[in-house]
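# A look at the structure
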Amino acid sequence: MTDFPAATQRARVRVPLRFTDGYSVDAELVTFHGLTDGQEHVAVVLGEPAPGTLPLVRLHSECLTGDVFGSARCDCGPQLREAVERIAERGGVLLYLRQEGRGIGLYNKLDAYALQDQGLDTYEANAALGLPEDARDYTAAAQMLQALGHGELDLLSNNPDKAEQLRTLGVTVRDRVPTGVFSTAHNVRYLRAKVLHTQHTLPLAELTELTAG
């Protein structure tokens, strides 16, 4: 278990969320004091878990291209949309983390896109730029969860590293719940690379067939 300073809730504000497909839900957005990385991460609190049940939590890394512009080169936008509805139904929280491009930033991510257009996969492109395959650290996420009183949870994620980091940081992750598979002609190589490089729980055989096709 890693020791880290406690964060505190800074403010809570109710915000009605409206999505382009017509889905809507009311949420509470929570900001924090004392996050170790100094970033302006936000917790999106959705619903209330039933008595005796654990909250459903997603750590969602910011993706301007996918979340805002609807880029088909990743699955971030559809994952965000799915997560909001699933968490609202069960009760829990989505942590929106300012970690664009797996922590390398927006400009570097777009540079990596250019290298992917030359044949590298998403992880190889990061390495070619002299950057980590995945630079994300979830200490701030653990701080946020602690400040919200969520020491035990179910994690909505295909990424085993998220669960492992949270457990190391003292958060009890009872179960890792996979998200849907949102493949397009533009992101199938990206999804397949996630499986091969970082063991994401996605259907490798299906993604390989789509890539070959």
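A short tour of the structure in this document, coming up. Per chain, residue numbering runs from 1 following the sequence as it is written. For this predicted model, a pLDDT threshold of at least 70 governs which residues receive local features, and a threshold of 80 or more governs which side-chain atom pairs are given and counted, while totals over whole chains, interfaces and linings are taken from all residues. Processing note: side-chain calculations cover all non-hydrogen atoms of the structure and skip hydrogens and water entirely.

## Observations regarding the state of the cysteines
Here a disulfide denotes a covalent bond joining the sulfur atom of one cysteine to the sulfur atom of another. Which entries qualify depends on this criterion: Any pair of cysteine sulfurs within 2.5 Å is marked as a disulfide. Categorising residues by exposure relies on relative accessible area from a 1.4 Å probe, with only protein chains included: less than 20% of the type maximum marks a residue as buried, more than 50% marks it as exposed, and the intermediate range marks it as partly exposed.
Per the stated rule, a full pass over the model turns up zero disulfides. Distance from the sulfur of Cys-63, which forms no disulfide, to the nearest cysteine sulfur (Cys-76) is 3.7 Å. Of the residues examined, Cys-63 reaches a relative accessible area of 4% and is grouped as buried. We note that Cys-74 lacks a disulfide partner, and the nearest cysteine sulfur, in Cys-76, lies 3.5 Å from it. Residue Cys-74 is classed as buried on the basis of its relative accessible area of 4%.

## Considerations on helix α4 (residues 106-116)
Selection criterion: Going along the chain from the N terminus, every DSSP run of H or I of four or more residues is numbered as a helix, and every run of E of two or more is numbered as a strand. The directions considered for the arc run from the helix axis to the C-beta atoms.
Every buried residue belonging to α4 is among Lys-109, Ala-112, Tyr-113, Leu-115 and Gln-116, and all of these are buried. Seen from one end, α4 has its buried residues packed into an arc of 160 degrees, which puts them on one side.

## Some points on the packing of aromatic side chains
The cut-off we apply is this: Working definition: rings of Phe, Tyr and Trp (its six-membered ring) pair if their centres are within 6.5 Å, and the pair is stacked with planes under 30 degrees apart, edge-to-face with planes over 60 apart, and tilted otherwise. By the criterion adopted, a ring carries a charge over it if an Arg CZ or a Lys NZ lies within 6 Å of its centre and within 35 degrees of its normal.
Across all of its chains, the model carries one aromatic pair by this definition. With 6.0 Å between their ring centres and 40 degrees between their planes, Phe-19 and Tyr-23 make a pair best called tilted. Sitting over the face of the ring of Tyr-113, Arg-73 holds its NZ or CZ atom 4.3 Å from the ring centroid. Its guanidinium or amino end placed over the ring of Tyr-123, Arg-102 lies 4.3 Å from that ring's centre, counting from NZ or CZ.

## A short note on the pairing of strand β2 (residues 24-33)
What counts here: Pairing between two strands is assigned when DSSP locates at least 2 bridges connecting them.
Where strand β1 (residues 8-18) and β2 come together, ten bridges link them in antiparallel fashion. Within β2, the residue paired with Arg-12 across the bridge is Val-30. Taking the residues that link successive antiparallel strands as the turn, the β1-β2 hairpin has five residues, and the phi of Gly-22 there is positive, at about 100 degrees. Bridge analysis of β2 against strand β3 (residues 42-46) gives three bridges, and the strand direction is antiparallel. Paired with Glu-28 across the two strands is Val-45, which belongs to β3.

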